[in-house]
Each structure stands twice: as C-alpha cells, then as structure tokens.
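Letter by letter, the chains look like this.
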Amino acid sequence: MAVEVKTMAELTAAGQKPDVLFWVGCAGSFDDRAKKITLAFAKILNHLNINFAVLGTEESCTGDPAKRAGNEFLFQMQAMGNIQVLNAYEVKNIVTTCPHCFNTLKNEYPSLGGNYEVQHHTQFLQKLINEGKLKIEGGEFKGKKITFHDPCYLGRGNGEYEAPRKLIEELDAELVEMKRCKSKGLCCGAGGGQMFKEAEKGDKEVNIERTEDALEIKPDVIATGCPFCMTMMTDGVKLKEKEHEVKVFDLAELLAKGI
Amino acid sequence: MISSIIFIIILGAAGFLFYKNVAFIRRNIMLGKKVKPSGDSSERWKTMIKVALGQSKMTARPIAGFLHILVYAGFIIINIEVLEILIDGIFGTHRILSFMGGFYDVLIGSFEVLALLVIVACAIFLVRRNILKIGRFHKPEMKKWPTTDANLILIFEIALMMAFLKMNAADQVLQARGVEHYINAGSFPVSSWFLVPLFESYSDSFLIFVEKAAWWFHIVGILAFMNYLPYSKHFHIILAFPNTYYSKLENKTQINNLESVTNEVKLMMDPTADPYATPATDAPVEKFGAKDVTDLTFIQLMNAYSCTECGRCTSECPANITGKKLSPRKIMMDTRDRLEEVGKNIDKKGKDFDDGKALLGDYILEEELLACTTCNACTEACPVNIDPVSIIMDLRRFLIMEQSKAPAEWTTALTNIENNGAPWQFSQSDRLNWKNEA
Ligand code: SF4
Ligand code: SF4
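Residues numbered from 1 in each chain as written. Chains lettered and ligands numbered in written order. Predicted model: local features only at pLDDT ≥ 70, side-chain atom pairs only at ≥ 80, totals over all residues. Heavy atoms only, no water.

## Section: the site of ligand 1
Residues and elements named next belong to chain B.
- By nearness alone, 13 residues border ligand 1, and Cys317, Cys372, Cys375, Asn376 and Cys378 come closest of all.
- Elements that contribute at least two residues to the shell around ligand 1 include exactly α17 (377-381) and α18 (388-402).
- Across the shell around ligand 1, the residue classes break down as 10 nonpolar, 3 polar and no charged. (Near = heavy atom within 4 Å. Helix = DSSP H or I, 4+ residues; strand = E, 2+ residues; numbered from the N terminus. Nonpolar A, V, L, I, M, F, W, Y, C, P; charged D, E, K, R; others polar.)

## Remarks on the site of ligand 2
- In the neighbourhood of ligand 2, 13 residues make up the surrounding shell, with Cys307, Cys310, Gly311, Cys313 and Cys382 of chain B lying closest.
- At the level of elements, α12 (312-316) and α14 (328-349) of chain B are the ones that each hand at least two residues to the shell around ligand 2.

## Describing the sheet that holds strand β4 (residues 117-120) of chain A
All names here are of chain A.
- Pairing within the open sheet is parallel, and its 4 strands lie in the order β2-β1-β3-β4. Across the chains shown, the open sheet's two edge strands, defined by having one partner strand only, are β2 (52-53) and β4.
- In terms of strand pairing, strand β1 (residues 20-23) meets β2 through 2 bridges, oriented parallel. The residue of β2 that forms the bridge with Leu21 is Ala53.
- Most of the contacts of helix α6 (residues 99-108) go to β4, to which it runs at about 160°, and overall it touches β1, β3 (93-96) and β4. (Pairing = 2+ DSSP bridges. Contact = heavy atoms within 4.5 Å. Axes fitted to C-alpha atoms, helices over the stretch in contact; angles between N-to-C directions.)

## Focus: the domain arrangement of chain A
All names here are of chain A.
- Here chain A is partitioned into domain 1 (8-126) and domain 2 (136-256).
- On a C-alpha basis, the centroid separation for the pair domain 1 and domain 2 is 23 Å.
- Across the contact, 27 residues belong to domain 1 and 27 residues belong to domain 2.
- In this assembly, domain 1 packs against domain 2 so that about 2200 Å² is buried in total across both faces, 71% of it on carbon and sulfur atoms.
- Applying the counting criterion to the domain 1 and domain 2 interface returns 1 salt bridge.
- Notably, a salt bridge pairs Arg33 with Glu253, separated by 2.9 Å at the nearest N-O pair.
- At the boundary of domain 1 and domain 2, one finds 9 residue pairs in polar contact (both at pLDDT 80 or more).
- Among the secondary structure elements, those contributing two or more residues to the side of domain 1 that touches domain 2 are α3 (32-47), α4 (64-68), α6 and α7 (121-130).
- Looking at side-chain class alone, the side of domain 1 that touches domain 2 contains 11 nonpolar, 9 polar and 7 charged residues. (Domains from an automatic or database assignment. Buried area = accessible area lost by both parts, 1.4 Å probe. Salt bridge = Lys/Arg side-chain N within 4 Å of Asp/Glu carboxyl O. Polar contact = N/O pair within 3.5 Å; in protein donor to acceptor, adjacent residues only side chain to side chain.)

## Some remarks on the interface of chain A and chain B
- Each partner contributes to the interface: chain A provides 75 residues, whereas chain B provides 60 residues.
- Taken as a group, Phe30, Phe73 and Phe196 of chain A account for 13% of the area that chain A buries against chain B, more than any other trio of residues on that side.
- Linking chain A with chain B are 4 salt bridges, by the criterion used here.
- Linking Arg397 of chain B and Glu72 of chain A is a salt bridge whose minimum nitrogen-to-oxygen distance equals 3.1 Å.
- Between the two partners, chain A and chain B, sit 38 residue pairs in polar contact (both at pLDDT 80 or more).

## A few points about empty space enclosed by the protein
All names here are of chain A.
- In this structure the tally under the stated criterion is 8 cavities of 30 Å³ or more.
- As a volume, the largest cavity reaches approximately 120 Å³.
- As for the largest cavity, its lining consists of 16 residues, of which Cys26, Thr62, Pro65, Cys101 and Phe228 are closest to the centre.
- For the lining of the largest cavity, the secondary-structure elements that each account for two or more residues are α2 (25-30), α4 and α6.
- Element by element, the count of residues in the lining of the largest cavity is highest for α2, at 3 residues.
- Along the lines of polarity and charge, the residues of the lining of the largest cavity split into 10 nonpolar, 4 polar and 2 charged. (1 Å grid on protein atoms, 1.4 Å probe; cavity = no way out; pocket = protein on both sides within 12 Å on 5 of 7 lines; lining within 4 Å. Points joined across faces, edges and corners; volume = space filled by probe spheres on them.)

## A look at the state of the cysteines
Residue and element names in this part refer to chain A.
- A complete count under the given rule lists 0 disulfides over all chains for this structure.
- Unpaired in this structure, Cys188 has its nearest cysteine sulfur neighbour in Cys229, at a distance of 3.9 Å.
- With no disulfide partner, Cys226 has as its closest neighbouring cysteine sulfur the one in Cys229, 3.8 Å distant.
- By relative accessible area, which is 1% here, Cys226 ends up buried. (Disulfide = S-S within 2.5 Å. Buried < 20%, exposed > 50% of the residue type's maximum accessible area, 1.4 Å probe, protein only.)

## Quick look at the nonpolar core
Residue and element names in this part refer to chain A.
- Counting 91 residues, the largest nonpolar core has Leu86 and Ile94 as the members making the most contacts within it.
- Each residue touching Leu86, except ones within four places of it in the same chain, is listed here: Leu21, Trp23, Leu55, Val91, Ile94, Leu105 and Tyr116.
- Counting 49 residues, the second largest nonpolar core, distinct from the first, contains Val20, Leu171, Val221 and Leu254. (Core = buried A, V, L, I, M, F, W, Y, C linked by side-chain atoms within 4.5 Å.)

As structure tokens, this is what we get:
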C-alpha cells in the first residue's frame, strides 16, 4: 500500500500548514529495517487522516551521535542547521519514531533556540487511542505474549514507560515483563555512539545479554520503540537462532497490522 | 575536674583536626568550575529531603536498603545521646538530661534498641561483604584500601554501639546498688537483658571502671570516627546532603550544551562575521571537555567525594556486566583520588605546580570512556544522585575534540554526518526515498 507523504516545502508552497511534523531520523530514512517502521507509522497517520508533513531532503541528522561521541562542535552545527529550517517553517509540534531524535529535539535544542512540542510516536499513538480516534482491531496478536524492551532514551532518559505498554494492551496481547524492565531495563548496547563502532573489549556483547533477558520469558514478540534497539535485538535473536519463534517489531508496526 | 580538662582538650583537638580536613576537601571541591545548578532551589531542597534524608533510592535493593536505613536512623538518633555525653564530659556531671524523667527513660530505652539493631545490621553487612562475596563488592577497583575502609567502618560502628551498651549495663548495676553519683535514670531494655547478668558479680569499683572506660571509649571513638570520615567513603554521611541538593534535575539523557562551542558555532554560521577578525579579548582559549579534575565542575567534584563506593551503578552498567573495563564507580573513585592528589600538590608545592599527570590517561583510560552507552543505568541506580555520565562525557569530549583520538569508525560516521547529514554514506537527497518503498 502506497503511503501519502507531503513535505513541508510542498505544504508551504500550497499555503498550508501541517498539525504535526514527522521527524523521520537517519535510521528511519536509510536503514532497511527501520524504513519499515517509518512506513508503518506513516500508514497509521494516513489511516487517521492526520495532517502531517516531513522535512524530506531538508532533514538532517539531529547530531545525537556526534554529541555522544564527544564532538560537540558537529552536534551544534547540525542542531543550528536544523533549528534554522524548523523555525523557518514555524514548526510547533514534532513526532518521531526515534527516541534519540526525540531526546535531542526535546531536551537539547531549546537552549540553542529550538523550542518545540516533541512526542515519541508511542506517546502520540497513545493519545490518539485515548481520544478514541485510533481503534485497533485486535486479532493477529490476541493472546500473544509480547514483551517491551524499554529504549534508554525513552524510559530512563525521559521517564516514559507507560505509553508503549498501553499500546500493547490495546492489541489484546499479553504483556510480559523481563526481569530487568522499566527504570531498571538493560540497554541494548547501541547508545552513546556504540552503534557506530565495534564494542570495546569484553566477554560478551550487550545485545546478547539483553536478548537473553527477553528469551528467558519466552515471548512471541519482542516489541521496541527505537530503530537502534531494533537492530540490536534483531541481531541478538538471530545469533541465538530464535528468529523463527520470536519476532522483533516496533510498536508502530504492531499497530499498523491492526488497522 | 582533671577529667573535664582532658575531655575539653580532646574535644578541641578533634574539632580542630576535623575542621582542617573538611576545609581541605571544601577547597578541593571549589577547584572545580562554577556552574549554575539545575532547577530552582525549592526543587533542589525537595530532592535533598527525598533522596538524602528520606533515603528514597536506597530501597531499590530491599535488603541492603532496609539495613542501611536502620544504621542511618540509629546513628542519627543515637547522636542525641552524644549531646548528653558532651555536657557530662565538659562539666563532670552524670546523665545530665535525666531530669526529663519518663521521657529520658524512653529515649535511653530506644537508643538501646537502635544500638542493637545497628550492631545486627553491621554484622549482616560484614557477612555480605566478606562471606557472601556479593559481586559488586569485589570488582577490580575494590582491592585493598576500599575494602579495608568498608570493613573498618562496620567494625567501628559495632564497637561504638557495644561500648554504649556496656556503659549502660555497668551503670544500671551501680544504680541498683545505690552507689553514689549513679542516680536512678534511664531504662535499659537491651543491656539489662544480655550484659547485666555478666556484670552482677563484679565489685563496685570494677564496675565504675568499666562504666568510665566504656564512656570514654564511646566518646573518643566517636571523635576519632569523625576524623576518619574525610579519608573514607563514609564521608558520604555528610556530603550526601549537599550532593543531592545539587543533583542533575534535567531529563537523564539530556547532555549539557557547551556554551564555549555555541559561541564559536554561531560565529561560524553568521554570514556577517569576519572570519579573519581576531577575538576581541585576550581571554585564554578555553579547553573543550575535561582532561583533569580542575576542568570539571564543582558539582562533579562533590559527586566524587560523595561516592559511597556501593557499586550499585557498576552492577547495573551494561558495559561492566558484559566484561568491559568501564565501571562508573571507578570513574568516581578515580576522580576523588586524583583530586586528593592535586589538592596535596597545591598545599605542598604551590598552586601552579604541574605533576605531569591527569585524570584522563593516568587514571581513566580511553577504553573505559569509549565503552559507555550513555544509558544512565548508573545515575538511576545511585542512591546519592551521582552522575558519572557527565564526567565520562566531558573526558570523551577532550579525547575527541582536543586530542582527536576518535576510533576510526567514529571518524567515518562523523565525517558522514558532516558531509551528508547522516552517520552513513547516503546522500541527503535520498532521504525521502523510503516513501516509494511501500
Ligand atoms: S551510562 Fe555508561 S557508565 Fe552509566 S551505566 Fe550506562 S554504560 Fe555504564
Ligand atoms: S556513584 Fe553512586 S551508585 Fe556508584 S558507587 Fe558511588 S554512590 Fe554507589
């Protein structure tokens, strides 16, 4: 199914304004697995006739990896560039499927002149469900065991543990928790720039440790809310040769299947 | 009379020594950069009351948390007794507060119960550390002194509480016998039960000796303990309060924006700026990031002195769990050790002395810094709101921006961000291609 996506430039040219900007992020734009999450979320937005837009080719990396890798210069260059674009379009509301973009836009842009109402897609979707706008036809996941791997930048980082779990309930699925969850959730190993380099010397990969947490409770689905967690958990499940029994999905994908 | 004089001399000496040591630490902390703490002061007070006074984060581990609250409450409350000891010591009186009558009995009685609980809790702590060998107490950074320190504190506390009970036991036997000076006061639910039977057969003079000896041991022990604090992780009993007051209150994964960088970036992006203009002031060029403790903020340095070395951070750290060198506790211990060293150098060899060493490289290695995922499991776990991540980030910044020591893969990713706005080599003009891949 094709998705209908307008850019800010197109809307502006037509004299229109979106209600919300969908910040896609680098992974969401280029990573093959993450692009499916982007599409699933866009599909939900289309389904609900939400007036949204993307920056498209005017979007650039938020600078999160640069900042975490210690290059504050590059981070601020990226940030100021993005803020110029966002402010020129008078963007007020942003939703994003990446907790790293979410954290940076929400917390680190304001003092550089970028003030927006920023939501993670799970928060955005939960609100739509609460307002009765988004209805999920259960079915596919009814009675299935789903566990949620908290992305550090959404959970511990920004205190959002509930929205993703509400969505799982909405699927009529059985929410099962790993022994390390919510504020004690274990990192997938990708943050802080680790995604972009080999791990330091040690005796195990972090994503294996985390995948074991998940496999221990024998879920049917491991749900995530972050493109980097997605990579890490998918790789972990593959390495453990469990990819036929346990699927890894983003919450947007799970919901998109039910509309 | 003589004993009053001796007491006052000991008290004065202990007070002076303590003052000197605290002044040393205070000065060291103030070597850090001044920064505006986060939030407003009412929020900061609230955090302090909740986290330090209320021990809200301790109970994340129920057993250790519960035992710790016992010791903590015991110690604070039993200190009311120290007030009486001080007055008695200075004026040569005995149980000066006993005029409170029934209330005094309740006080002494509850002190005894608490003393017993403190002894039991400390004994369990010793078992946990030395017999059960709980993992977080036996990491590489816990060799030698830190382990001795932890055991010394526990033994000290047990000894102090035992002295208190012994003193009460001898006292009550003497009271019962109507010996002069030993007025009838206090109730002794604990010592009457297991110590008094042992004491009853002894003579008055021997018991008077025991009572006096225990009294002196108790108070001199407390004063010695107080002077031990500045050399120990136990200093957290004082610094936990200001430290939590200065907690980071922003969202955990928010990393501060360096203002020095903002200024330069603004200049670079300002089309009207003259690139060849020399800076208006001769202000020394600011370093980006931190190389040594003096590049850190006073809050980060206070963090280091407040660390209880409990290792809750390290035991939750994904890097440490998977065998990497990084341990957030070690980051804090190294910062404190280095700061002590810098402080001593200043005192001995003057303010500008350079020992050629630094926190980065001589204490904390690149390999440790590079292993952090910034997941904030450590800051979440820390019972006194220490923020090891901010130190890791500041050292990383120096490593990358000043020493250009980025791992090759990072350099590639960052070059990509610079050139095409994504950490991978995809053209920015392809950023919307996903929409046609449905
Ligand atoms: S933020 Fe870094 S140091 Fe702290 S727990 Fe996570 S990986 Fe370890
Ligand atoms: S930083 Fe906090 S959690 Fe870590 S050892 Fe020190 S006091 Fe414990």
